[in-house]
Amino acid sequence: MSSHEISEAEDKLPEGRGAESAVRPADDPFADPGLPPHEHRKQDIDERAAKRSERTVALLFTVSMLATIAFIAAYVAIPVDKYIYVFPIGHVSALNFALGVTLGIALFAIGAGAVHWARTLMSDVEIADERHPIEASPEVKSKVLEDFRKGAQESSFGRRKLARNTLFGALALVPLSGVVLLRDLGPLPGTKLRHTKWAKGKRLMNYNTMQPLRPEDISVGSLTFAMPEGMSEKDHDFQTEIAKAALMLVRLQPENIKDKRELDWSHEGIVAFSKICTHVGCPINLYEQQTHHVLCPCHQSTFDLSDGGRVIFGPAGHALPQLRIRANDQGYLEAMGDFSEPVGPAYWERG
C-alpha cells in the first residue's frame, strides 16, 4: 500500500483515531488505534427516560414474581388428570401446560429485566486496561514454595503415618454417605423386570374386543394380539404392565413347528410369543404367513415364529420369549405361567 493510500485510509477513521492520536511504543510495530468517542444513551442524559427504563425493569421483575406465584398455585390447584384443548397442539395435560407456561414466563421476565437493566441503566463506558504479566516473580515463587515446605514439615504430615493414613481413609469413605441419599430416588426395582402380569390360569383376552379367546377364534395365518385377564386401560399402571405383558398369537400347522419346546408349549398349533421386540422394545405387528416371520417396524428385526422365535435378521439380541398356553375346561385359552424368560430390550445387559 502506498503512502498516499495510507493517508486516505487514516482520514476515514473516526475523530481521535487518526495517525496523530496513535501511540507507537519503540518496541511495538503496531499502532494503538485508541477508542471511538463514547456515545451517550438517552437514559444517561434524560432522567425521565432513565425512570421509564427503571419502571420497565421493575415491571418485568414483578411479572416474574406473579408468574412464580401462579406456578405454585397451578401445582396445588390443578388435578393431574385434567386435560384441555390447546390450538394447535391438541389435548394436553392442564397441569403440565400451566406449569410450563408460568415457569417460562417467570424465567423469561427475569432474563429480559436483567438485559434491559444492563442495556439502559448500567454504565456502558468503555474502559481500556493494559495487560500485565500474571505470573509471579521468582522471589514470590521461592517464598511460596519455602512456606509450603515449612508448613508441611510443621504439620508432621510425612512423619505421622497413622494420622495421615486414617485421614486418607476418612476422605475416601465420607463420600459414600451420599449414596444413602440415592434411596430417596424411589424404591428398588427388585425382580419386577423379570415378571409380568401373566400367571398360571389367567385367560388370554383379545386386546381389541376384551373378550376371552378360544382356539377356534384364531385361524391359520392370522395374527392376534392378547393381554392377561384382569387388566384394564383404566388402571394407573396399565401402560407400564402392558409394555411387558403384550402378547401375539399365531396359528401354525403343527408339522411346521421346528422347535420341540415351542410345539410342547403350543395348543393345536397356536403359539404365543411376546409382542415386545428384544432390540429397543418396539411393538411387533407385521406378520408374513408363508414364512411364519414377524417383523419389527422400527429397525427391521425379524423373528421366526416356527423356530422358537429366534432372530434371523436385524439388530435384536435374542429370541422372543414364549408363553406356554393351553385350553381350560371351559374351552378358553389360558396361560400356564409367565414368559419363559424376561421380556424387553437389552434385558441381559440390564441384569
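Residue positions are given per chain, counted from 1 along the sequence in the order it is written. With pLDDT at 70 or above as the cut-off, local features in this predicted model cover only qualifying residues; side-chain atom pairs require 80 or more to be listed or tallied, and sums for whole chains, interfaces and linings still use all residues. Hydrogens and waters are ignored; side-chain quantities use all the structure's heavy atoms.

**Quick word on the pattern of salt bridges**
When a carboxyl oxygen of Asp or Glu lies within 4 Å of a side-chain nitrogen of Lys or Arg, that pair is called a salt bridge. Considering all chains together, one arrives at 13 salt bridges under this definition. Arg-41 is the partner of Asp-124 in a salt bridge, and the nearest nitrogen-oxygen pair spans 3.8 Å. Here Asp-124, found in the loop between helix 4 (94-120) and helix 5 (138-155), pairs with Arg-41, found in the loop between helix 1 (3-11) and helix 2 (42-45); they are 83 residues apart in sequence, far enough to count as distant. Since its relative accessible area comes to 29%, Asp-124 is described here as partly exposed. With its nearest N and O atoms 4.0 Å apart, the salt bridge here joins Glu-241 to Lys-244. In this pair, Glu-241 and Lys-244 are both assigned in helix 7 (residues 238-245), three residues apart and thus about one turn of the helix distant. The network of salt bridges with shared partners includes Arg-41, Asp-44 and Asp-124. Note on conventions: DSSP H or I runs of at least 4 residues are helices, E runs of at least 2 residues are strands, and numbering of each starts at the N terminus. The buried label applies to any residue whose accessible area, calculated with a 1.4 Å probe on protein chains only, is under 20% of its type's maximum; exposed applies above 50%, and partly exposed to all values in between.

**Considering the sheet that holds strand 4 (residues 223-228)**
Here five strands make up an open sheet; going across it, the order is 3-4-5-6-11 and the pairing antiparallel. With partners counted over all chains shown, the strands left at the sheet margins are strand 3 (204-206) and strand 11 (322-323), one partner each. As judged from the four bridges shared by strand 4 and strand 5 (residues 247-251), these two strands associate in the antiparallel manner. Within strand 5, the position partnered with Leu-223 by the bridge is Val-250. A pair of strands is labelled paired if DSSP reports no fewer than 2 bridges between them.

**As for the packing of aromatic side chains**
The pairing test for Phe, Tyr and Trp rings, Trp by its six-membered ring, is centres within 6.5 Å, and the orientation test on the planes gives stacked under 30 degrees, edge-to-face over 60, and tilted for anything in between. Going through the model one piece at a time under the given rule, you end up with one aromatic pair. The cationic tip of Arg-203 hangs over the ring face of Tyr-332; the distance from NZ or CZ to the ring centre is 5.1 Å. Our definition puts a charge over a ring when NZ of Lys or CZ of Arg is within 6 Å of the ring centre and also within 35 degrees of the ring normal. Residue placement shows Arg-214 over the ring face of Tyr-332; its charged tip is 4.2 Å from the ring centre.

**What to know about helix 3 (residues 47-77)**
Counted at 1.5 Å a residue, the expected span for helix 3 with its 31 residues is 45 Å, and the 44 Å between its end C-alpha atoms agrees. Every buried residue of helix 3 is listed here: Ala-49, Ala-50, Ser-53, Val-57, Ser-64, Ala-67 and Ala-74. Residue contacts are defined here by distance: any two heavy atoms, one from each residue, within 4.5 Å place the two residues in contact. Taken together, the buried residues of helix 3 touch helix 2 and helix 4. In protein, a polar contact requires one atom able to donate a hydrogen and another able to accept it; more generally it is a pair of N or O atoms within 3.5 Å, and residues adjacent in sequence count only if both atoms are side-chain atoms. Put simply, Asp-46 is the residue that caps the front of helix 3, since its side-chain oxygen is 3.0 Å from the backbone nitrogen of Arg-48. What a helix should span is 1.5 Å times the count of its residues minus one.

**As for the UniProt feature "transmembrane region" (unreviewed entry) in the protein**
UniProt positions are given in the numbering used here, feature names are shortened, and annotations may be inferred rather than shown by experiment. If you check UniProt for "transmembrane region" (unreviewed entry), the listed places come out as residues 57-78, 98-118 and 162-182 in our numbering. Between the first and last C-alpha atoms of residues 98-118 the distance is 30 Å; the span itself is 100% helix and 0% strand.

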